[in-house]
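# What the coordinates show
The primary structure of each chain is shown beneath.
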Amino acid sequence: MLAAARTSRRTADREEANLLTLAVQWALMHPADTDRGHDPATYTWRSWAGVEDTGLALAGDGAPEVAEYAVAEFAAAVGLGTGAGKAYLGQALELAYRLPKTWARVTGGELPAWRARRVAEQTIGLTRQAAAYVDTHVAGVAHKIGPAQLDRTVNEAIGRYMPEEVQRLAEASWDKRHVTVHD
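As a starting point, this report considers the structure included with it. (Residues numbered from 1 in each chain as written. Predicted model: local features only at pLDDT ≥ 70, side-chain atom pairs only at ≥ 80, totals over all residues. Heavy atoms only, no water.)

## Here we look at the overall build of the protein chain
Per the secondary structure count, the protein chain includes 8 helices and 4 strands. N-terminal to C-terminal, the α/β element order of the protein chain is α-β-β-β-β-α-α-α-α-α-α-α. Taking all 183 residues of the protein chain together, the buried fraction comes to 34%. A total of about 11,000 Å² of accessible surface is found on the protein chain, and carbon and sulfur atoms cover 55% of it. (Helix = DSSP H or I, 4+ residues; strand = E, 2+ residues; numbered from the N terminus. Buried < 20%, exposed > 50% of the residue type's maximum accessible area, 1.4 Å probe, protein only. Areas by Shrake-Rupley, 256 points an atom, 1.4 Å probe, with all protein chains shown as cover.)

## A few points about the pattern of salt bridges
All told, the structure shown has 6 salt bridges when counted by the stated rule. Measuring nitrogen to oxygen at the nearest pair gives 3.2 Å for the salt bridge that ties Arg 128 to Asp 61. With a gap of 67 residues between them, Arg 128 in helix α6 (residues 128-138) and Asp 61 in the loop between β3 (55-56) and β4 (66-67) connect regions that are remote in the sequence. Look at Arg 128 and you get partly exposed, because its relative accessible area is 48%. Between Arg 105 and Glu 110 there is a salt bridge, with the nearest N and O atoms lying 3.3 Å from each other. (Salt bridge = Lys/Arg side-chain N within 4 Å of Asp/Glu carboxyl O.)

## Here's the deal with the environment of Glu 156
Following the sequence through the fold, Glu 156 ends up in helix α7 (residues 147-161). Taking the C-alpha atoms as reference points, Glu 156 and Tyr 133, separated by 23 residues in sequence, lie 9.0 Å from one another.

## Observations concerning the packing of aromatic side chains
Under the counting rule described, the total for this entry stands at 2 aromatic pairs. Ring geometry for Phe 74 and Tyr 88: centres 6.0 Å apart, planes at 25°, overall stacked. Remark: Tyr 88 occurs in helix α3 (residues 82-98) and Phe 74 occurs in helix α2 (residues 68-77); sequence separation between them is 14 residues. Taken as a pair, Phe 74 and Tyr 88 share a single burial class, namely buried. Centroid distance Tyr 133 to Tyr 161: 5.9 Å. Interplanar angle 55°. Geometry classified as tilted. With Tyr 133 in helix α6 and Tyr 161 in helix α7, this pair connects stretches of sequence that are 28 residues apart. (Phe/Tyr/Trp six-rings, centres within 6.5 Å; stacked < 30°, edge-to-face > 60°.)

## Some remarks on the side chain of Gln 91
Along the chain, Gln 91 turns up in helix α3. Contacts of Gln 91, omitting those with residues within four sequence positions, involve Arg 117, Ala 120, Glu 121 and Ile 124. (Contact = heavy atoms within 4.5 Å.)

## Section: the packing of α2 against α3
It is at 8 Å that the axes of α2 and α3 come closest, and there the two elements cross at 100°. Between α2 and α3, the crossing angle belongs to the class labelled roughly perpendicular. Contacts between α2 and α3 involve Ala 70, Val 71, Ala 72, Phe 74 and Ala 75 from the former and Thr 82, Gly 85, Lys 86, Tyr 88 and Leu 89 from the latter. A per-class count over the contact of α2 with α3 returns 7 nonpolar, 2 polar and 1 charged. (Axes fitted to C-alpha atoms, helices over the stretch in contact; angles between N-to-C directions. Parallel < 35°, antiparallel > 145°, perpendicular 65-115°, else oblique. Nonpolar A, V, L, I, M, F, W, Y, C, P; charged D, E, K, R; others polar.)

## Let's talk about the side chain of His 30
Position of His 30 among the secondary structure elements: in the loop between α1 (2-29) and β1 (45-46). Residue classification places His 30 among the buried residues on the basis of a relative accessible area of 10%. A polar contact of 2.8 Å, which involves the side chain of His 30, links it to the backbone oxygen of Trp 26. (Polar contact = N/O pair within 3.5 Å; in protein donor to acceptor, adjacent residues only side chain to side chain.)

See the structure below:
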């Protein structure tokens, strides 16, 4: 029974990696209209079918944008809600385009997709340099890294490559309470 369970787990992990690869391919088949001269998710254009569509930047800087309608179609095909499908596509693109070392471990069958997606979820808001730092430091140990260590690595990357974000986070964390004394 244990051997059968191990075999089932390996098969499921391979299929999850395959689904991530299919998600990337789907996103690439449905690019956003990048010739419109506006930021993603801020401009609506008329598609060939006469339905309005908006391009979405689902992953960090450097990953391709995706046509908005493609998110709902993918989500429905794999049994996810639109929000979860959007997150899934974003994590797949993040891995493929901004976390190449982690992506190579997933596609090579060395790293379960769910662990890689957890890393991608944390790096989507980072700059390219910060995401590359996380990829370099996490890819080799992603199969055993815990959430706390991942958070520390992401915070270190933010500290090294995103000083304006450090300042914003510091200001946001300041105590907002105050006391006014009237005579």
